[in-house]
Amino acid sequence: AQSVTQLDSHVSVSEGTPVLLRCNYSSSYSPSLFWYVQHPNKGLQLLLKYTSAATLVKGINGFEAEFKKSETSFHLTKPSAHMSDAAEYFCVVDSSYKLIFGSGTRLLVRP
Amino acid sequence: DAGVIQSPRHEVTEMGQEVTLRCKPISGHNSLFWYRQTMMRGLELLIYFNNNVPIDDSGMPEDRFSAKMPNASFSTLKIQPSEPRDSAVYFCASSPQGTIADTEAFFGQGTRLTVV
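Draft legend 1. Looking closely at the nonpolar core. Ranked by size, the top nonpolar core spans 26 residues in total, and within it A:Trp35, A:Leu48, A:Phe74, A:Leu76 and A:Tyr89 carry the most contacts. The contact partners of A:Tyr89, leaving out residues within four places of it in the chain, are A:Gln6, A:Leu21, A:Trp35, A:Tyr36, A:Val37, A:Leu47, A:Phe63, A:Leu76, A:Gly104, A:Thr105 and A:Leu107. Counting 21 residues, the second largest nonpolar core, distinct from the first, contains B:Val19, B:Leu46, B:Leu77 and B:Val115.

And the structure:
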């Protein structure tokens, strides 16, 4: 069965410093992986997706993620955090037609 | 395109009452999903429709929950009778293909349900 584990429930960074949100996946086949973002009281928005093309995936708002099969990881990074990045981030794996969500990481950005 | 539209945005109801949540998917999308988000359980898939037909309802918690999709532009999720533990944010999402792998699911703003 497909699953994802987000290793940190909360991450706090200062504005202008790098962001790293960690995600490990478990899959019996080559998965499709996604990162979604949820701003307070809003719906979910796709940041980026990996579908077995390039292992380094670039998304919106300067985010990117690298698929590492050897480490079964799909960590989300951004070189410099903005205040507007404060939100909850979900690592997601595709299981046929289903999206299986991780438990989420809340990103706090300090001024 | 206006995106996935859910109504109402907020619903407060008394225990035992019937609640109906509504969703209008993006035009042309043939897959529709209902998710529930709670603090305890995170985001869970409740039911998946493809071409208006329920394909997987294994996530529906119990018989009090039912979902319909009478046509390609409308779906409902009904809870009867409602209970306090049903309090959650319910999201509807649509996708243009039968499997999500090569596309993305577009989510509505959600309906925040509070059962008192």
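Draft legend 2. Seen up close, unusual backbone geometry. Residue and element names in this part refer to chain B. The linkage connecting Ser 7 with the following residue, Pro 8, adopts the cis geometry, with an omega of -10°. The topology assignment puts Pro 8 in the loop between β1 (5-7) and β2 (10-13). Unusually for a residue other than glycine, Asn 52 sits at a positive phi of about 75°. Residue position: Asn 52 is located in the loop between β5 (42-50) and β6 (53-56). When its relative accessible area of 29% is taken as the criterion, Asn 52 is described as partly exposed.

Draft legend 3. Structural context of the side chain of A:Asp8. Residues and elements named next belong to chain A. If you trace the backbone, Asp 8 turns up in the loop between β1 (3-6) and β2 (10-14). Polar contacts involving the side chain of Asp 8 include one to the side chain of Arg 22, which spans 3.0 Å. What Asp 8 contacts, discounting residues up to four positions off in sequence, is Arg 22, Gly 104 and Thr 105.

Each value, and the rule that gives it
- Residues numbered from 1 in each chain as written.
- Chains lettered and ligands numbered in written order.
- Predicted model: local features only at pLDDT ≥ 70, side-chain atom pairs only at ≥ 80, totals over all residues.
- Heavy atoms only, no water.
- Core = buried A, V, L, I, M, F, W, Y, C linked by side-chain atoms within 4.5 Å.
- Buried < 20%, exposed > 50% of the residue type's maximum accessible area, 1.4 Å probe, protein only.
- Contact = heavy atoms within 4.5 Å.
- Helix = DSSP H or I, 4+ residues; strand = E, 2+ residues; numbered from the N terminus.
- Polar contact = N/O pair within 3.5 Å; in protein donor to acceptor, adjacent residues only side chain to side chain.

Remember that the coordinates give geometry; whether it matters functionally is a separate question.
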